[in-house]
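Descriptive structure summary
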Amino acid sequence: MTPADVAKRKKTRILLAFAAVYLVWGSTYLFIKYAIETIPPFMLGATRFLASGGLLYAIARLRGGAHPSARDWRSAAITGVLMLGLGNGAVMFAEQTVPSGVVALIVSTVPIWIVLLDWLRPRGVRPRTSVFAGLALGLIGMVILIGPRAIIGEGHVDGIGALVLFIGSMGWALGTILSKGSKRSGSPLAYSALQMLAASAAMMVAALVFNEPANFALANVSLRSILSWVYLVLFGSIIGYTAYIYLLGVVSAAKAATYAYVNPIIAVLLGWAFANEPISARTLVAAAVILGGVATITIAQSGSANPTGEFPVPTEPQPNQQRETARPAA
């Protein structure tokens, strides 16, 4: 095989990986909507992450990954519950009342919360001026999207659903900050699998709290919900994640993180095309402002990032940014 053939094959793989990250992760919001039609949201998350975490861990072991240490388990449990349990759990819960495309737009603000929480923590990192501009754009976009009347339940978006998403987004942001400085002895695949398993346990607890098993009957689950569950496990959690890990190894993290503002567009369009979710002028304006803010933050900060699922990936500060302390440990 000639060098030209090798380069062509690598380019094709990169394009396919980007297609997977953009389209697959962008489509997960619609398939969550289909899945929770007949599967309670927390039971959906518990079973989805149990299956995907188990499969991912098996893949990691087959690839020769080391056994996770007790420290890996502890760190993965904390960050997995915050990021996947609280973060993705909020997505599944909120999609009961909030259109999937709007959910994706609200979730796209995660980089905003990461920057703010990282700044507000003790001896935190002060954002660059350009990041402040991105923060302002993102927050303005959220005001446009949600509207002040949502507080009293009369807004463009269900107020309870939006509040749950904000809490979930901050949980994801906090988990991301904690995971940045964690030292891991196992492979990234195995660590992510542990996060999924921890999230599965947390979501099962939530399902019991909300009494979901008592109101659930397997015979009532529709074929569309079953197929959506399978899609979320195999494509959303396994293929999408693997494609993202591959991209981080062959392109810059800033390029890989562009899905953070492509996924919401995909989600809005799919929700409109297949779930009859309206796209209002207000939603379009809010989307442009929010994604502009997220793009500004992403461009201003490049570096490595953790895989997500439905949540956008934050990027770490440039090496030349002033930092007063090392990255926080989990």
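Everything here concerns the structure above.
This text gives an overview of the structure that appears in the document. Bear in mind the structure is a predicted one, so any value in this text is a computation, not a measurement.

**Section: helix 11 (residues 259-274)**
An ideal rise of 1.5 Å per residue puts 22 Å on 16 residues; helix 11 measures up with 21 Å between its terminal C-alpha atoms. Count one or two residues on from helix 11 and you reach asparagine 276, which has phi positive near 55°.

**Details of the packing of aromatic side chains**
Here a ring pair, both rings aromatic, is described through the centre-centre distance and the interplanar angle of the planes. Under the definition given, this model contains 10 aromatic pairs. Aromatic side chains tryptophan 25 and tyrosine 244 sit 5.7 Å apart centroid to centroid with 40° between the ring planes, which places their arrangement in the tilted category. With tryptophan 25 in helix 1 (residues 3-35) and tyrosine 244 in helix 9 (residues 223-250), this residue pair connects regions lying 219 residues apart in the sequence. In this structure, tryptophan 25 and tyrosine 244 share a single accessibility class: buried. Considering the side-chain rings of tryptophan 119 and phenylalanine 132, the 5.2 Å spacing of their centres and the 80° angle between planes classify their relative orientation as edge-to-face.

**Some thoughts on unusual backbone geometry**
The phi angle at asparagine 211 is positive, at roughly 60°, despite the residue not being glycine. Relative to the helices and strands, asparagine 211 resides in the loop between helix 8 (188-209) and helix 9. For asparagine 211, a relative accessible area of 42% translates into the label partly exposed. With a phi close to 55°, asparagine 276 is a non-glycine residue in the positive phi region. Along the chain, the position of asparagine 276 falls in the loop between helix 11 and helix 12 (281-300).

What counts, and at which threshold
Residues numbered from 1 in each chain as written. Predicted model: local features only at pLDDT ≥ 70, side-chain atom pairs only at ≥ 80, totals over all residues. Heavy atoms only, no water. Helix = DSSP H or I, 4+ residues; strand = E, 2+ residues; numbered from the N terminus. Expected span 1.5 Å × (residues − 1). Phe/Tyr/Trp six-rings, centres within 6.5 Å; stacked < 30°, edge-to-face > 60°. Buried < 20%, exposed > 50% of the residue type's maximum accessible area, 1.4 Å probe, protein only.

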